[in-house]
Amino acid sequence: MAGTASVLSLQQFVASLDKTCLPKVLQVCSGVYFQGSVYEVSGSEVCLSTGDLIKVIDIELVSVICEDISTNEKFELPISHKGLFTLVPEEMPYSTVEEMVSLRPLSLDCCLPFTFTSRSEMTFDDFTLGAGRAVTMLSVEQREGEEGRVRCHVQGQQGVSAEVLIPLSCQGEFYECESKECFTLRDIMSSPHLCSRRFCFSNTTMCGRLLVLSPVYEVSAIMHLRKNVVKFPSSLEADVMDVTEECKDLHFVIPLTLAEVLSQPDEFFPTVVEILEGPESPPLLYSNWLPKLSKGHHLVLHSKGTSDMVLASSKGRKAQQYFLISHSYGGRFRRRPREFNSVYELYVASSQTPGFKVNVTRNTEEVEEEGLPALSVGEQLEVVRCESVKLACGGSEGQKQTVEALICQRLRELDDYDDNDDEAEVEERYEIEEVILPFYMQCHFVEKLTDNRKYRLKDLSKDFILPLDVKVVSRDTELETDPLVGFPSLRLEGAMVESTIQASFPDSPEHCFQIPARWLSMTVSVTQDPRPWPEDQPPKCHVDKVTEVTELFYYEFRKQTDSNDPPPPRPPKGKPSSSKKTPSRSSKKTPAKPDKSTNLSILSTGVSDLTLDSTKRRPAPPTPAESDDAPPPITPRKPMGGLKSDRALPNTYVKAEEAKRVMRCDIQADVDSAHDYESVEDMMAEMKKTAQHVDYY
């Protein structure tokens, strides 16, 4: 079959393949599997279209299709099926003994004996075998330099039997006899001749069905633009043609992800690849080479490896920027003091640096009910230790809770310190006081630094625990433009070890950049293009050391690094101190004075509600609280003789600003009404009495 150009069904072609002749390149001639009818086996989908090229690299027998000759019914059995099958004798005769032997399975010894008859009489040396006599084949004997023979047993008359050696080349007209010999599916498929024979089940329930067996192989092949080896069954309805000779130099495009590129051996590099799929959007990096990573462009992959990097963020500008800095960065840094907005942040930093000192940057009031001390701007604190302490629970009397706290030493400068004192006295100018700061306390500190050294980036990562605030004091001279220079402060957020691929574009192979495989998703394929430099003269590569990244990159990094960090502690449960204030000493003796605006509001409401047609009097105002202060003076009443109108005059006993003076209330006397109203004199007397009480309140 190999080397022919005839068109066969995929089933026939694979069944006739010899595994030792693989690989084979096939071309699909007919039979299309569209997306809606793709074949899926073990999670792998395959779509065959006319003209597709398939490189078969392996075949494996997995099942057998059984077809009932009488009903054309088909069913499939796995190759591991435990049932046995009986060979149905062929109606056509065999012309030689060797032909009969060749139709037995490869494991012939375990399938013997079997019986046959000869239509004509045969003579072997001095032994004559009559026509129609049953002959049972026992074994096949092969001797070097001699013709092969089969040892047969012949049952004679009256119980007499004999053994005879029959040459394999013996010719005649031989017929198989029905036998009780049974075969497994694997035995049948192991012999190409048995595959074309008819069988029936050896059990009694289904023994009457004549079956034709066809093997089904799992084909392992390579196809264009398929990342992995494609596996599909040989039973697909497609016609193929062997084009191995015509496609000796055919290169199959195999897509590779960046992770798969990293898994390649070192001998794989350097190589030229073509981009099949560019990075997904939104981008995680800001770089001049990222927009060029689009479909169809070529890249030179120089090498693979790991790179120590640090993620940094800018401080002090409106738009915050983020950078991925390699340890090979040649600039120098100087440490900057860090700022902390809680005691817990101070604890995290102090746990990494013994003898940690800070200065208070914002005043904090004392809360005695919760055990929170007062802190003033400029005070210096030195972290001593962390321990569990018992503090008041939210102002509840007699109740305390155990909380984690920092024990710090507060250094206070004495007021009577003179600049002209001796050095011995200078050491005593500070007063040391121990303060307890619970983790949940919100206050503001700044780190006190005495270090003025210049550091390399790798030294900072080795000597200190990140995060760390720094400033670039000398640029990297190897960079044309150092993007880190000019920032008043940079925060080194965290360190990472990234698997990177050093790459460049073919038109400038010496200008390299590092592709972080974990943060970019793209697919490439290896090409046959030569390397863009003379043989054995690789270029000297200049690698970018600083890459600006997006805010999305920063948050993705924080998700991965902060996943195991515990959250800051919460304050203890209880009533907040703001809801229960401790009364001052003066409030214990003298009650608070009433608000004058409240008095005016009550008076104005009382006067406005007084009408001549009112049938319900307002209740008397409450008795004023006792006070040691003298009551306000009362304005003398005016004589009533000047009253000529039936209108009620406004209350003149309350002193108020002109803008807050009570508006007059018109009260008309209804002389035609039948109701019994109070007289004007009684009403005025009641108004005066009410005004006096309100003024006292």
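What comes next concerns the included structure. Note that the structure is a prediction, hence the values are computed from the model and not measured. (Residues numbered from 1 in each chain as written. Predicted model: local features only at pLDDT ≥ 70, side-chain atom pairs only at ≥ 80, totals over all residues. Heavy atoms only, no water.)

Some thoughts on the nonpolar core
Inference 1: Counting 37 residues, the largest nonpolar core has Ile 59, Phe 85, Ile 188, Met 189, Phe 199, Leu 213 and Phe 232 as its most contacted members.
Inference 2: For this core, the elements supplying multiple residues, two or more each, are α1 (10-15), β2 (24-30), β5 (53-68), β7 (85-87), α3 (185-189), β17 (198-201), β18 (211-222) and β19 (230-233).
Inference 3: By residue number, the principal contributor to this core is β5, which donates 6 residues.
Inference 4: Residues in contact with Leu 213, not counting those within four places in the same chain, are Val 64, Ile 65, Cys 66, Leu 185, Ile 188, Met 189, Cys 195 and Phe 199.
Inference 5: In this structure, Met 309, Ala 503, Phe 505 and Trp 519 belong to the second largest nonpolar core, which totals 34 residues. (Core = buried A, V, L, I, M, F, W, Y, C linked by side-chain atoms within 4.5 Å. Buried < 20%, exposed > 50% of the residue type's maximum accessible area, 1.4 Å probe, protein only. Helix = DSSP H or I, 4+ residues; strand = E, 2+ residues; numbered from the N terminus. Contact = heavy atoms within 4.5 Å.)

Considerations on the sheet that holds strand β12 (residues 134-141)
Inference 1: Sheet architecture is open: 6 strands sit in the order β8-β15-β9-β12-β13-β14, paired in antiparallel fashion. The open sheet has two edge strands with one neighbour each: β8 (94-96) and β14 (161-167). Looking at each pair of strands side by side, their axes are set apart by 40 degrees on average, direction ignored. (Pairing = 2+ DSSP bridges. Axes fitted to C-alpha atoms, helices over the stretch in contact; angles between N-to-C directions.)

Focus on helix α8 (residues 551-561)
Inference 1: What α8 keeps buried is the set Phe 553, Tyr 554 and Phe 557. An end-on view of α8 places all buried positions within 100 degrees of arc, on one side of the element.
Inference 2: Summarising the contacts, the buried residues of α8 are in contact with β23 (285-286), β24 (298-315), β25 (322-326), β34 (489-505) and β38 (546-549). (Arc of directions from axis to C-beta.)

What to know about the pairing of strand β15 (residues 171-176)
Inference 1: Inspection of the sheet shows β8 paired to β15 by 2 bridges, in the antiparallel sense. Counterpart to Thr 96 in the pairing with β15 is Gln 171.
Inference 2: As judged from the 3 bridges shared by strand β9 (residues 114-118) and β15, these two strands associate in the antiparallel manner. Among the inter-strand pairings, Phe 116 is bridged to a residue of β15, identified as Glu 176.

Topic: the environment of Cys 207
Inference 1: Residue position: Cys 207 is located in the loop between β17 and β18.
Inference 2: Discounting chain neighbours no more than four positions away, the residues touching Cys 207 are Cys 200 and Phe 201.

Keep in mind that these numbers describe shape and distance, not what the molecule does.
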